[in-house]
Amino acid sequence: MNPNRFIIAKKFVSLQPITTPMANRTQYVVSIGKEAIAALPVKTYPAGIRVIDTQEQAREAISDLSQEKIVGFDTETRPSFRKGHLHKVALMQISTAECCYLFRLNKIGIDTVKPFLENPEVLKIGLSVHDDFNALRRSGNLQPDGFIDLQQVVKKFDISDISLQKIYAIIFGERISKSQRLSNWEADRLSDAQQAYAALDAWACLHIYNHLKKGEFDPVASPYRHIFEPDTPVGKHSPSSNN
């Protein structure tokens with residue numbers, strides 16, 4: 001694995017300095033609690049979806065995606081309710097701004113998509129990507145490259161939360177529903193609800209990254225900014241008055 005695959009993220013965040021004086025930055029964080037998230041409107045997936053469940057479709061999709069400069073990334077795995085039993089990744093989502101490709105890895109395997117995952121020329125924006133890598137390696141050897149982890153990026157904007165749902169809520173004021181998370185991702189046919197859920201997660205990663213890259217999120221102006229209290233769990237703070 002390329003040890004420098006996150007260096008692009010480091011360069012990116014250096015282009016978006018937080019203007020709050022250092023003395024103040026150490027006192028504040030941006031985080032959101034469950035009650036605040038529950039009160040937000042639900043985000044509806046806004047783009048197209050292509051389900052890829054044959055080798056021919058996979059080769060065509062990878063050819064198209066290899067022309068992109070940057071994409072969103074996520075995976076889904078069938079939940080296991082037996083201790084110590086882990087399933088292989090069933091679905092890999094790769095999203096552009098206009099369309100999310102849903103690769104049904106339980107049907108097509110990993111070999112066709114492996115070169116894309118190892119291609120450093122296409123930036124792939126995900127969240128907690130090491131967990132995805134570990135899960136994908138149950139299907140074969142993999143040396144991922146070109147990945148940026150949003151959990152590292154948002155720290156530079158004083159966001160202390162690490163879940164996609166919370167990060168998206170903080171930045172856009174909308175809630176990503178997690179109702180399909182524990183559904184069967186190896187089902188013969190994915191339901192429309194499953195498809196929209198899976199596509200939204202990958203699309204949201206790309207949307208967040210592009211929004212931050214454009215400098216359109218100001219942590220100082222966030223309604224979820226508050227004084228950091230070390231002994232209080234993340235997400236349990238009360239937002240400050242934004243002063």
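Residues numbered from 1 in each chain as written. Predicted model: local features only at pLDDT ≥ 70, side-chain atom pairs only at ≥ 80, totals over all residues. Heavy atoms only, no water.

Engineer: What should I look at first to understand the nonpolar core in this one?
Structural biologist: Most often, soluble globular proteins have nonpolar side chains that are buried together. By size, the foremost hydrophobic cluster in this structure holds 40 residues, and its most contacted members are I159, I170, I171, I208, L212 and F217. At the level of elements, β4 (89-95), β5 (99-104), β6 (123-126), α8 (150-155), α9 (164-172) and α10 (192-213) are the ones that each hand at least two residues to this core. Ranked by the residues each element gives to this core, the list is headed by α10, at 11 residues. Once residues lying within four places of it in the same chain are set aside, the contact partners of I159 are V30, V154, I167, I170, I171 and F217. (Core = buried A, V, L, I, M, F, W, Y, C linked by side-chain atoms within 4.5 Å. Buried < 20%, exposed > 50% of the residue type's maximum accessible area, 1.4 Å probe, protein only. Helix = DSSP H or I, 4+ residues; strand = E, 2+ residues; numbered from the N terminus. Contact = heavy atoms within 4.5 Å.)

Engineer: Would you mind going over the packing of aromatic side chains with me for this structure?
Structural biologist: What characterises a pair of aromatic rings is the spacing of the ring centres plus the angle enclosed by the ring planes. This structure, assessed with the given rule, holds six aromatic pairs. Ring centres of F73 and F147 lie 5.0 Å apart, and the angle between their planes is 80 degrees; this geometry places the pair in the edge-to-face category. Of the two residues, F73 sits in strand β3 (residues 70-77) while F147 sits in strand β7 (residues 147-149), which places them 74 residues apart along the sequence. Comparing F73 with F147 shows no difference in burial state: the two are buried. (Phe/Tyr/Trp six-rings, centres within 6.5 Å; stacked < 30°, edge-to-face > 60°.)

Engineer: Looking at this structure, how should I read the side chain of E76?
Structural biologist: Of note, E76 is situated in strand β3. Buried charged residue E76 carries no salt bridge. Nearest counter-charge: K178, at 6.3 Å. Setting aside chain neighbours within four positions, we find E76 in contact with V89, A90, L91, Q93, W185, Y197, A198 and D201. (Lys, Arg positive; Asp, Glu negative; His and termini not counted. Salt bridge = Lys/Arg side-chain N within 4 Å of Asp/Glu carboxyl O.)

Engineer: What's the story with α9 in this structure? I'm lost.
Structural biologist: Turn by turn, an α-helix covers 3.6 residues, leaving residues three or four places apart pointing in a common direction. Within α9, seven of the nine residues are buried, which leaves it mostly tucked inside the rest of the structure. All buried positions along α9 are accounted for by L164, K166, I167, Y168, A169, I170 and I171. In this structure, the buried residues of α9 make contact with β1 (28-30), α3 (34-38), α8 and α10. Downstream of α9 by a residue or two, G173 has a phi angle that is positive, lying close to 70 degrees.

Engineer: Got a minute to help me understand the pattern of salt bridges in this structure?
Structural biologist: A side chain of one charge can pair with a side chain of the opposite charge when the charged atoms of the two come close. Scanning the entire structure with this criterion turns up five salt bridges. Close ionic contact of D64 with R50 constitutes a salt bridge, the shortest N to O distance being 3.9 Å. With D64 in helix α4 (residues 55-65) and R50 in strand β2 (residues 48-52), this pair connects stretches of sequence that are 14 residues apart. The class for D64 is partly exposed, based on a relative accessible area of 34%.

Engineer: For this particular structure, what's the right way to read the sheet that holds β2?
Structural biologist: Sheet strands pair by backbone hydrogen bonding; their relative direction is either parallel or antiparallel. The six strands lie next to each other as β2-β5-β4-β3-β6-β7, forming an open sheet whose pairing is mixed. For this open sheet the edge positions go to β2 and β7, each flanked by a neighbour on one side alone. Within the sheet, the average angular offset between the axes of one strand and its neighbour, ignoring direction, is 25 degrees. Pairing between β3 and β6: three bridges, direction parallel. Bridged to G72 within β6 is I125. (Pairing = 2+ DSSP bridges. Axes fitted to C-alpha atoms, helices over the stretch in contact; angles between N-to-C directions.)

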